[in-house]
Amino acid sequence: MAFLADALSRVKPSATIAVSQKARELKAKGRDVIGLGAGEPDFDTPENIKKAAIDAINRGETKYTPVSGIPELRKAIAAKFKRENGLEYSWEQTIVGTGGKQILFNAFMATLNPGDEVVVPAPYWVSYPEMVALCGGTPVFVSATQEHNFKLQAADLEKAITPKTKWFIFNSPSNPTGAAYTHAELKALTDVLMKHPHVWVLTDDMYEHLTYGDFKFVTPVEVEPKLYDRTLTMNGVSKAYAMTGWRIGYAAGPIQLIKAMDMIQGQQTSGATSIAQWAAVEALNGTQDFIPENKKIFEGRRDLVVSMLNQAKGIVCPVPEGAFYVYPSCKGLIGKTAPSGKVIETDEDFVSELLESEGVAVVHGSAFGLGPNFRISYATSEDLLEEACRRIQRFCAACK
């Protein structure tokens, strides 16, 4: 009898975590490494949010919380959806988890049976298909190609839906590409979903506040209110509020699904950390003034990285609408020989040789389901980004 569960054979380790760990290990050995693998803002959590956590500690808010979250936070979440997205949810229709990952995982755990399919546009965040597989479902991949700015086309979504489809998972702005859907682009997808009433929508809006220029964010239920009864809208405080380590994600949706997720969480982790929940109350209810300031900084970093990468031999880098990632193609380097003498046959070869040769850690695109590309997170200082891009230019020029 095998000791480890068969389910483990269906999943792979997170490539983004692996790259960050590899960069840390090389730094510990004295290597000069610039890590661009982590999806984590380099800004500190705003002072008002930190103060709210300290005040909560001083008030003694250090006990177990309700499984689905403290009422104050759940009410703040409902108010946020009304204020920012025009969506009406009672606070009982919300749930708080230890990060967006737990929200997604519990939704799949609560709904998937063996044979159920989940449509996953590729490129995708690395955890989506692994969560589906761990929960007994089958991920069905649909390519959103660079030709279409990494945005899923309605005809391709239509082809992917079968009688076994239970969920369509949607992420805009996207990790890993930064692509964000306009109202019209999203309407084309919701029109398809309206023809298939058995398909639920799980929308990951984690990068909602990180769109650039005059781009206007919309979420599926805003575009098509008739999807309200079969949509789980997930979000969190980690990216826009620079609170990755606080581990607070949240969602709103139909009450029967929220109750099922609450039951799973009650046997899993129970409530999220009390102090982090009180900090999240202040994040959602307090001043939002720093968000446009941080967006402006991210937008400048995006423009720098896109410009410098497009000057690298063999690299083509589209301009993303949001998040803090670029997803350039390294197709022009495939078949070339790296300075080490190794022939670059895949995007994984490219990022491996780049790390060894120039000490720049990025994530290969095949980990996200579409290559030959690689993902760069520009959630770090302009100085580091400029140096990293110079190294990438040098590496590409040295490939023959």
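Computed from a predicted structure; not experimentally measured.

S.K.: Provide a residue-level description of unusual backbone geometry, including the pertinent values.
M.R.: Most peptide bonds adopt trans geometry, and most residues besides glycine take a negative phi value. Of note, the amide linkage connecting Ala122 to Pro123 takes the cis form, showing an omega dihedral of 10°. That bond from Gly371 to Pro372 is cis: its omega, 0°, falls within 30 degrees of zero. With respect to the element layout, Pro372 can be found in the loop between β11 (363-364) and β12 (374-377). Positioned with a positive phi, Phe150 is a non-glycine residue whose angle comes to about 60°. One non-glycine residue with positive phi stands out, namely Ala242, at about 50°. Mapped onto the elements, Ala242 comes out in the loop between β7 (231-236) and β8 (249-252). Taking relative accessible area as the criterion, Ala242 reaches 10% and is therefore assigned buried.

S.K.: So, the domain arrangement of the chain: which residues are in play, and what are the values?
M.R.: You can read the domains of the chain as domain 1 (4-42 + 288-394) and domain 2 (62-283). A C-alpha centroid distance of 25 Å is found between domain 1 and domain 2. Opposite the 36 residues of domain 1 that make contact, domain 2 presents 38 residues. Counting each side, the surface lost to burial between domain 1 and domain 2 is near 3000 Å², with a carbon and sulfur contribution of 58%. Counting the surface domain 1 buries against domain 2, the share from its top three residues, Glu321, Phe368 and Leu370, is 21%. Inspection of the region where domain 1 meets domain 2 yields two salt bridges. Between Glu321 and Lys151 there is a salt bridge whose closest N-O contact spans 2.9 Å. Scanning the region where domain 1 abuts domain 2 turns up 19 residue pairs in polar contact (both at pLDDT 80 or more). Broken down by secondary-structure element, the contributors of at least two residues to the side of domain 1 that touches domain 2 are α1 (15-28), α11 (290-309) and β9 (325-326).

S.K.: Explain the sheet that holds strand β5 (residues 165-171) to me, and be specific about the residues and the numbers.
M.R.: One open sheet accounts for seven strands, arranged β2-β8-β7-β6-β5-β3-β4; its pairing is mixed. Every other strand in the sheet has two partners, leaving β2 (94-97) and β4 (138-143) as the edge strands with one partner each. The average undirected angle you get between the axes of adjacent strands in this sheet is 20°. When β5 meets strand β6 (residues 200-204), the two strands line up parallel, connected through five bridges. Its bridge partner lying in β6, Phe168 is registered against Val201. Packing of helix α4 (residues 100-111) onto the sheet brings it into contact with β2, β3 (117-122), β5, β6, β7 and β8, and relative to β5 it is tilted by some 165°. The strands touched by helix α9 (residues 255-266) within the sheet are β2, β5, β6, β7 and β8, with β2 carrying the most contacts at an inclination of about 25°.

S.K.: Give me the state of the cysteines: which residues, what numbers.
M.R.: Counted by the stated rule, this structure contains zero disulfides. With no disulfide of its own, Cys389 lies closest to Cys317 among cysteine sulfurs, the gap being 8.5 Å. Given the relative accessible area of 2%, Cys389 is considered buried. With no disulfide partner, Cys396 has as its closest neighbouring cysteine sulfur the one in Cys399, 6.0 Å distant. Residue Cys396 is classed as buried on the basis of its relative accessible area of 0%.

S.K.: Got a sec to walk through the sheet that holds β12? Specific residues and values, please.
M.R.: Across the sheet, three strands lie side by side as β9-β12-β11; this open sheet has antiparallel pairing. If you trace the sheet from one side to the other, it starts and ends with β9 and β11, each paired once. One ladder, built from two bridges, connects β9 with β12; its direction is antiparallel. When the sheet's bridge partners are listed, Val326 is paired in β12 with Ile376.

S.K.: Explain the pairing of β6 to me, using residue names and the numbers behind them.
M.R.: Counted residue by residue, β6 has four buried out of five residues, so it is predominantly covered. Summarising the sheet, β6 and β7 pair through four bridges and their orientation is parallel. Opposite Thr203, over in β7, you have Thr233 as the bridge partner.

What counts as what
- Residues numbered from 1 in each chain as written.
- Predicted model: local features only at pLDDT ≥ 70, side-chain atom pairs only at ≥ 80, totals over all residues.
- Heavy atoms only, no water.
- Helix = DSSP H or I, 4+ residues; strand = E, 2+ residues; numbered from the N terminus.
- Buried < 20%, exposed > 50% of the residue type's maximum accessible area, 1.4 Å probe, protein only.
- Domains from an automatic or database assignment.
- Contact = heavy atoms within 4.5 Å.
- Buried area = accessible area lost by both parts, 1.4 Å probe.
- Salt bridge = Lys/Arg side-chain N within 4 Å of Asp/Glu carboxyl O.
- Polar contact = N/O pair within 3.5 Å; in protein donor to acceptor, adjacent residues only side chain to side chain.
- Pairing = 2+ DSSP bridges.
- Axes fitted to C-alpha atoms, helices over the stretch in contact; angles between N-to-C directions.
- Disulfide = S-S within 2.5 Å.

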